[in-house]
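Spelled out, the chains give:
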Amino acid sequence: MWICPECFIENSANNESCSKCHTIKQDTDPKVRREHRRADVLKDKKTMYTHPGSFGWKLSKHGTTSDTENTSTDTAKHITSCRDDYTVVAALDLGTTYSGFAFSTRQNPLNIQHVEKVPTCLLLSPKKEFVGFGNDAIRIYTELVKTGQHTGHYFLQKFKMDLYENEHISTEMTIQDMSGKPIEAMIVFRETILVLKKSLVYFIKCKVLDVKMEDIRWVMPVPTFWNDAAKQFLRKSIDFIDIPEDQFQIALEPESASVFCQQQLSDFSASLPGTKYLVVALGGGTTDITAHEKISSSTLRELIFATGNSYGGTTVDDRFLQLFTAIVGKDIISDIKQNYPMAYIDILQGFELVKRNISTTNSQKVNVSIPLSVLDLKCKQVLGKDFRSAIGASKFSSDIELHEDTMHVDVGLMKAFFNVTINSILDLIKTRLQEPAVSDVSQILLVGEFAESSLMQDKVKSEFPSKRVIVPEAAGLTVLKGAVLFGHNPSYIQSRVMRYTYGVGISDEFDPAVHDEAHLVVQKNGSKLAKHIFDVIVRKNQLVDAGTSIESEYLTIDPNQKTMEFELYFSSNEKPVYIDETDCKPLGSVIIHFPDVCQEERDVKVSFVIGNTELEVKAVDKKSRQTVTAEFNLF
């Protein structure tokens, strides 16, 4: 009997290829077996030197596990790092445009309590200390501008997008505030999460609940297509605000919304097992799409890995701002943004109040409030005329009428601001629906802040008339509330489809039939090695049960070795060969710390826990059978 390295099912020894996926049977010599096996079907093992040399790691030995070590079962292990002794689940939603928090008790999880979300705006002092958040940050910064004391302060907004757009996430990375000043991203995220945490604790106390900090399980929803480096960055931020690691969990935004709708929407929760639906999470800065199948009243499975793009409510706002830029010029808009932040935000909030109600049936002009006094002031200073005259001299003179501090904008022009964003989202939905796994999806679930836009809803319904489009009431709160429910039951999502291929970098014996000359290294003794080999842990598009443990064994090299370190990589390619390929990127390093040192060679079993919302690494010293600390660090 042999185990298929692709789908992990058992095959007869006479089968030359897998009966399920038709993968060709590998040579029985374990030296040519390169794949890690799932722990529940592990037959062969390999160990590697784990001190990086100039070309990676060298294979040390191969062997076969004993019958007592084989833990073959039909069910994958389910592992959670969160403590189970909690009384409250608290969710902190750091959004691109708005942030908020919610909680519910273990005794009554469906009674979710929350307050109105506030703008995601953070104000820090010149010493990078917290000053204000949300509307307070806007108000205080405005007062500082009036007195000329604002120049050293840091005013930040929409900084969540920096973890999506940055390809080189690290704990030392910097981002820019509204005026362009650089500041450490870790400080920004730390202070934001801290103020949300403090506000939630105060909110709980106001409800006269006697809850200790150690009784709270904290949850934060993030976009599904954030890579593991972004999630690790967020977890590192948590380290500074006194939330223990075993009380913190990351949830995924579309999953959270899906769980909420299954639990709280009566017509949706009544759907039968086997029902498939597309989840489209339309946030302020991003669109996030996945698909789920209902397994039972309390379990779902993912049908396709989640993907998305950077189109959301803010990209519509950006096009509205382009209207002002076309009328008064880029310099005036930049001046208002830096020196009149309240006016700048008033422009966006005035548009926000009306954009959700613009629909395909609108025919009247749309009324948008504006900070006219500031616009008049800057136009007179720079252009020598007021804002009304600037409109009259622009190409929009026939589309806009000005009545006091309100612009009456032609509805056709207003709808045009949505076109690029909506078309990009519709194209992404079409692409996802073309995948075989979701060809029979019957429903589309629209959630998130931008899902509250009537125009967005109308366009989706008209573009996909054969699908039932479901938009929950207060769609902008479904992710936040769903994160609370997910915190109560993290096993709600039974299985997930891997978005990346994960692996470690190794070196192995050079095989000219497999390896190219560019990766050949000749050692002093004449032996030939292939460097930078991508040794696969799990592949992209593979369906994995939540909490599946994939195990490998590693050896120390030196006597009295205190730590063991190896590097993790991920690739958007399903079958990468080398870690230096274009699609392959470093994720971070795993450092295993030994509480004691010994002269003997140390054999460590490392478990990569996959299928959850985060990649986890656990390690056990085989000789002492003690769990040792496995620390994951970003590069």
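What this report covers is the structure whose coordinates are included nearby.

Cut-offs used in this document
Residues numbered from 1 in each chain as written. Predicted model: local features only at pLDDT ≥ 70, side-chain atom pairs only at ≥ 80, totals over all residues. Heavy atoms only, no water. Helix = DSSP H or I, 4+ residues; strand = E, 2+ residues; numbered from the N terminus. Contact = heavy atoms within 4.5 Å. Buried < 20%, exposed > 50% of the residue type's maximum accessible area, 1.4 Å probe, protein only. Pairing = 2+ DSSP bridges. Axes fitted to C-alpha atoms, helices over the stretch in contact; angles between N-to-C directions. Parallel < 35°, antiparallel > 145°, perpendicular 65-115°, else oblique. Nonpolar A, V, L, I, M, F, W, Y, C, P; charged D, E, K, R; others polar. Phe/Tyr/Trp six-rings, centres within 6.5 Å; stacked < 30°, edge-to-face > 60°. Lys NZ or Arg CZ within 6 Å of the ring centre and 35° of its normal. Salt bridge = Lys/Arg side-chain N within 4 Å of Asp/Glu carboxyl O. Left-handed = near helix turned anticlockwise from the far one by under 90°. Expected span 1.5 Å × (residues − 1). Core = buried A, V, L, I, M, F, W, Y, C linked by side-chain atoms within 4.5 Å.

### Points about the overall build of the chain
When you go through the chain residue by residue, the secondary structure sums to 15 helices and 35 strands. Pairs at least 24 residues apart make up 69% of the contacts formed inside the chain by residues separated by at least 6 positions.

### Quick notes on the pairing of strand 26 (residues 501–509)
With 8 of 9 residues buried, strand 26 is to be regarded as a mostly interior element. Taken together, the 4 bridges between strand 26 and strand 31 (residues 563–571) define a ladder with antiparallel strand orientation. By the bridge assignment, T501 is partnered in strand 31 with S571. Here 7 bridges tie strand 26 to strand 28 (residues 528–538), and the two strands are oriented antiparallel to one another.

### Some points on the pairing of strand 21 (residues 400–403)
Along strand 21, the buried face is formed by I400 and L402; none of E401 and H403, which line the opposite face, is buried. Pairing geometry for strand 21 and strand 22 (residues 406–409), over 4 bridges, is antiparallel. Looking at strand 22, one finds that L402 is bridged to M407.

### Focus on the sheet that holds strand 19 (residues 299–309)
If you trace the 7 strands from one edge of the open sheet to the other, you get 24-23-17-18-19-25-29, paired in mixed fashion. With one partner strand each, in any of the chains shown, strand 24 (468–470) and strand 29 (543–545) form the two edges of the open sheet. Ignoring which end each strand starts from, the neighbouring axes of this sheet average 25° apart. Where strand 23 (residues 443–447) and strand 24 come together, 3 bridges link them in parallel fashion. Considered in strand 24, the bridge of Q443 is made with R468. Those strands touched by helix 14 (residues 454–463) are strand 17 (276–282), strand 23 and strand 24, and its axis lies near 170° from that of strand 23.

### Overview of the packing of helix 5 (residues 253–264) against helix 15 (residues 478–488)
One can describe the packing of helix 5 onto helix 15 by two numbers: an axis separation of 7 Å at closest approach and a directional angle of 80°. By the angle class used here, helix 5 and helix 15 are roughly perpendicular. Across the interface between the two elements, E253, E255, S256, A257, V259, F260, Q263 and Q264 of helix 5 pack against T478, V479, K481, G482, A483, L485 and F486 of helix 15. Of the residues assigned to the contact of helix 5 with helix 15, the class counts are 7 nonpolar, 5 polar and 3 charged.

### Looking at the packing of aromatic side chains
Throughout the structure, instances matching the rule amount to 15 aromatic pairs. Considering the side-chain rings of F351 and F417, the 6.2 Å spacing of their centres and the 80° angle between planes classify their relative orientation as edge-to-face. With F351 in helix 9 (residues 341–355) and F417 in the loop between helix 12 (411–416) and helix 13 (419–433), the pair connects residues that are 66 residues apart, well separated along the chain. Taking relative accessible area as the criterion, F351 reaches 0% and is therefore assigned buried. Aromatic side chains F351 and F418 sit 6.4 Å apart centroid to centroid with 50° between the ring planes, which places their arrangement in the tilted category. Taken together, the residues F351 in helix 9 and F418 in the loop between helix 12 and helix 13 connect sequence positions 67 residues apart. F418 matches F351 in its accessibility class, with the two residues each being buried. Taken together, F320, F324, F351, F387, F417, F418 and F450 form an aromatic cluster joined through their ring pairs. A cation sits over an aromatic face here: R106 above Y86, 4.3 Å from the ring centre.

### Considerations on the pattern of salt bridges
Taken as a whole, this structure holds 27 salt bridges when the rule is applied. Close ionic contact of K117 with E449 constitutes a salt bridge, the shortest N to O distance being 3.8 Å. Of this pair, K117 sits in the loop between strand 8 (113–114) and strand 9 (118–119) while E449 sits in the loop between strand 23 and helix 14, placing them 332 residues apart in sequence. An identical accessibility class is assigned to K117 and E449; each is buried. As a salt-bridge pair, E352 and R356 come within 2.8 Å of each other at their nearest N and O atoms. Given a relative accessible area of 14%, E352 falls into the buried group. Each member of the salt-bridge network shares a partner with another, and the members are D317, E352, K355, R356 and E452.

### Regarding the sheet that holds strand 22
Overall, antiparallel pairing links the 3 strands, which are arranged 20-22-21 in an open sheet. Every other strand in the sheet has two partners, leaving strand 20 (366–369) and strand 21 as the edge strands with one partner each. Adjacent strand axes in the sheet meet at a mean angle of 25°, parallel and antiparallel pairs treated alike. Of the pairings in the sheet, the one linking strand 20 to strand 22 comprises 4 bridges and is antiparallel in character.

### Section: the packing of helix 7 (residues 313–328) against helix 9
In the contact formed by helix 7 and helix 9, the axes pass within 10 Å of each other and the chain directions differ by 120°. On the basis of the axis angle, helix 7 is oblique to helix 9. When you trace helix 7 past helix 9, the crossing you get is right-handed. Residue-level inspection shows G313, V316, D317, F320, L321 and F324 of helix 7 in contact with helix 9, the latter providing Y344, I347, L348, F351, E352 and K355. Here the contact of helix 7 with helix 9 is built from residues that sort into 8 nonpolar, 1 polar and 3 charged.

### A look at the side chain of Q249
Tracing the backbone shows Q249 in strand 16 (residues 248–252). Excluding residues within four positions of it along the chain, Q249 makes contact with C82, R217, W218, V219, M220, R235, F486 and P490.

### Concerning helix 3 (residues 185–206)
For helix 3, with 22 residues, the first-to-last C-alpha span of 32 Å sits near the 32 Å given by 1.5 Å per residue. Taken across its 22 residues, helix 3 has 16 buried, putting it largely inside the fold. In the stretch just after helix 3, V208 is the one whose phi turns positive, near 55°.

### Brief notes about the environment of E473
Relative to the assigned elements, E473 resides in the loop between strand 24 and helix 15. Residues E473 and V447, 26 residues apart in the sequence, show an inter-C-alpha distance of 9.3 Å.

### Observations regarding the environment of V469
Checked against the element boundaries, V469 lands in strand 24. On the accessibility criterion, V469 (16% relative accessible area) is buried. For V469 and Q457, which are 12 residues apart along the polypeptide, the C-alpha to C-alpha distance reads 8.2 Å. Excluding residues within four positions of it along the chain, V469 makes contact with I444, L446, V460 and K461.

### Re the nonpolar core
One broad trend across soluble globular proteins is that nonpolar side chains are buried collectively. With 74 residues, the main nonpolar core has L568 and I592 as its most contacted residues. No other element matches the 13 residues that helix 3 contributes to this core. Listed in part, the 72 residues of the second largest apolar core include F351, C379, F396 and L433.

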